[in-house]
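For reference, the chains in residue letters:
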Amino acid sequence: MQIPKFAHTLNARETVEALQSSVKGLSSVEVSRRQETFGKNLLQENKTSRFSVLIGQFRSPLVLILLLASLFSFFVGHIGDAVLIVMIVCLNTAIGFWQEIKALTSIEALKKMTESKVMVLRENQEKMIASSQIVPGDIILLHEGDIIPADLRLLTVQGLQIDESVLTGESIPVTKEADIVLSEKTLPYELDNMALSGTVVVKGN
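Rules used in this analysis
Residues numbered from 1 in each chain as written. Predicted model: local features only at pLDDT ≥ 70, side-chain atom pairs only at ≥ 80, totals over all residues. Heavy atoms only, no water. Helix = DSSP H or I, 4+ residues; strand = E, 2+ residues; numbered from the N terminus. Rg over C-alpha atoms; globule rule 2.2 N^0.38 Å. Buried < 20%, exposed > 50% of the residue type's maximum accessible area, 1.4 Å probe, protein only. Contact = heavy atoms within 4.5 Å. Pairing = 2+ DSSP bridges. Expected span 1.5 Å × (residues − 1). Arc of directions from axis to C-beta. Salt bridge = Lys/Arg side-chain N within 4 Å of Asp/Glu carboxyl O.

A. Spatial organisation of the overall build of the protein chain. Counting secondary structure elements, the protein chain contains six helices and eight strands. Written out in order from the N terminus, the α and β elements of the protein chain read α-α-α-α-α-β-β-β-β-β-α-β-β-β. A compact globule built from 205 residues would reach a C-alpha radius of gyration of about 17 Å, whereas the protein chain, at 26 Å, exceeds it by more than 25%. The burial tally for the protein chain puts 29% of its 205 residues in the buried class.

B. Up close: unusual backbone geometry. Its identity is not glycine, yet Gln20 carries a phi of approximately 50°, on the positive side. Among the structural elements, Gln20 can be located in the loop between α1 (12-18) and α2 (28-38). Within the chain, Glu123 stands out as a residue other than glycine whose phi angle is a positive 55°. With respect to the element layout, Glu123 can be found in the loop between β1 (117-122) and β2 (125-130).

C. Region of the structure containing the environment of Glu126. With respect to the helices and strands, the residue Glu126 is situated in strand β2. Between the C-alpha atoms of Glu126 and Leu141, which are 15 residues apart in sequence, the distance is 8.5 Å. Once residues lying within four places of it in the same chain are set aside, the contact partners of Glu126 are Met119, Val120, Leu121 and Leu141.

D. Spatial organisation of the sheet that holds strand β6 (residues 174-175). Here we have three strands laid out as an open sheet, ordered β6-β5-β8, and antiparallel in their pairing. Lying at the two open borders of the sheet, with one neighbouring strand each, are β6 and β8 (200-203).

E. Just helix α4 (residues 61-75), in detail. In this model α4 runs 21 Å from its N-terminal to its C-terminal C-alpha over 15 residues, within 8% of the 21 Å that 1.5 Å per residue would give. What α4 keeps buried is the set Val63, Ser70 and Ser73. All buried residues of α4 fall inside an arc of 85° around its axis, so they share one side. Opposite the buried face of α4, at more than 90 degrees from it, the exposed residues are Pro61, Ile65, Leu68, Phe72 and Phe75. Where α4 ends, the next residue or the one after it, Gly77, has phi of about 95°, a positive value.

F. Spotlight on the pattern of salt bridges. A complete count under the given rule lists five salt bridges for this structure. For Arg13, the salt bridge identified is with Glu17, shortest N-O distance 3.1 Å. Taken together, the positions of Arg13 and Glu17, both in helix α1 and four residues apart, correspond to about one turn of that helix. Glu17 gets classed as partly exposed once you look at its relative accessible area, which sits at 48%. In this structure, Asp138 and Arg122 form a salt bridge, with 2.7 Å as the shortest nitrogen-oxygen distance. Pair noted here: Asp138 is in the loop between β2 and β3 (139-141) and Arg122 is in strand β1, with a separation of 16 residues, a long-range link. Its relative accessible area of 9% is what places Arg122 among the buried residues. Residues participating in the shared-partner salt-bridge network are Glu30, Arg33 and Arg34.

These figures come from the coordinates and say nothing about function on their own.
If you want it as C-alpha cells, here you go:
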C-alpha cells in the first residue's frame, strides 16, 4: 500500500482503493499490521536526554566565567576560593537540572492527559479510540466539536463546517465538500475536500 501524496486529487472511491481500505473500515488484523508499519499517529519530537539537559546547564556564560575564575584562583594559590566557586557552580547546576527535568516530566504528563479521542469505523462497527491509534486507511467519523486528528480526505459530508483559524487565521468556518476533486497545486487553505489536522468541526458531520 502506498499512501497517496495528494489525496485531494482523487475522488472518494479512488482514495479508499489507494489506501486498500473499505467504507466498512479496516479489520483488527489489518489495523495491527499497519500500526507495526506506520507507528503511532503522533508528531515526531526530538527527545531530550537527561545527559543533554545536564550538559546544557554548563552552556550559560555566567557558569563558564565562574569556572574560569575557579581555575584562575587555583593557579594563583587561592585554593579556598576555587573550591567555593566550584561548589556554587555545582549547586546552581543541580538546581537548574532538577527544575528542567521536572518541567519536561510535567509536559509529558500533560500530553497524556490531553490526548484526544476519535470515533472510527472498524469492521463496520463504531469504536472510540485514542487519536494516536489511528492508521492510514481508517474511516473516521467526525462530529461537532471534534478536533481533526490527522489530514483526512472527506468521503461523505452533511453540512460540514470546520474552523481552520489555527492554520489560516481566518475566523469564518469553511464549508466542506466531499464530491469535488481538486488540482495538485491547490493551496492548503483551499482544500475544501480535506479536513486538516488540528482544525475543529464546528457544524455537521
